[in-house]
Amino acid sequence: MKNKKTLVLGATTKPEKYAFIAINKLVEKGHSVLAIGQNSGEVAGVKIHTKQIPLANIDTVTLYLNPKRQIDYYNYIIETKPKRVIFNPGTENPLFYQLLQSNGIKVEVACTLVLLATNQY
């Protein structure tokens, strides 16, 4: 399986949250992970940044932010030029889909945890 450098947006240190579980599973499956969240911390050895950090060669951005909170990241994600953005359940945002697609970025409305569990990541 190929290492897909992934940015988890909406990262958290709360073990009951899906973003926390996703970081652990991504690391477990051998992917390079970067994380941005509201609060700093660390999950599975991955530092959670609270500000937008310089990014390069990102394969996937997986979102754990509601559509209203995504607005602050539109340009950041588009300028990063990931191959795809995964909209996990609860993050669906048709307006952002259009912006991404018009910039040549693939949109996937899916669950990162399911994709990992079924080897479709």
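The sections below set out a description of the structure shown in this document.

Definitions and cut-offs
- Residues numbered from 1 in each chain as written.
- Predicted model: local features only at pLDDT ≥ 70, side-chain atom pairs only at ≥ 80, totals over all residues.
- Heavy atoms only, no water.
- Phe/Tyr/Trp six-rings, centres within 6.5 Å; stacked < 30°, edge-to-face > 60°.
- Buried < 20%, exposed > 50% of the residue type's maximum accessible area, 1.4 Å probe, protein only.
- Lys NZ or Arg CZ within 6 Å of the ring centre and 35° of its normal.
- Pairing = 2+ DSSP bridges.
- Helix = DSSP H or I, 4+ residues; strand = E, 2+ residues; numbered from the N terminus.
- Axes fitted to C-alpha atoms, helices over the stretch in contact; angles between N-to-C directions.
- Contact = heavy atoms within 4.5 Å.

The tally for this structure, following the rule as stated, stands at 4 aromatic pairs. Between F87 and F96, the ring centres sit 5.8 Å apart and the planes meet at 85°, which makes this aromatic pair edge-to-face. For the pair F87 and F96, one class covers both residues: buried. Chaining the aromatic ring pairs together yields one cluster made of Y74, F87, F96 and Y97. Residue placement shows R84 over the ring face of Y121; its charged tip is 4.5 Å from the ring centre.

Our next topic: the sheet that holds strand β4 (residues 46-49). Ordered by their spatial adjacency, 7 strands build an open sheet running β3-β4-β2-β1-β5-β6-β7, and the pairing between neighbours is mixed. Strands with a single pairing partner mark the edges of an open sheet, and in this sheet they are β3 (41-43) and β7 (106-109). When strand polarity is set aside, the average angle formed by the axes of neighbouring strands in this sheet is 25°. Of the strands in this sheet, β1 (6-11), β2 (33-37), β3 and β4 touch helix α1 (residues 18-28), which is tilted by about 160° from β1.

With respect to the helices and strands, Y97 occurs in helix α4 (residues 94-102). As a C-alpha pair, Y97 and N57 span 40 residues in sequence and 21 Å in three-dimensional space. Setting aside its immediate chain neighbours within four residues, Y97 contacts F87, E92, V107 and V109.

For E79, the location among the structural elements is in helix α3 (residues 74-80). Residue class for E79 comes out exposed when judged on its relative accessible area of 61%. On a C-alpha basis, the gap between E79 and A19 in space is 23 Å, while along the polypeptide they are 60 residues apart.

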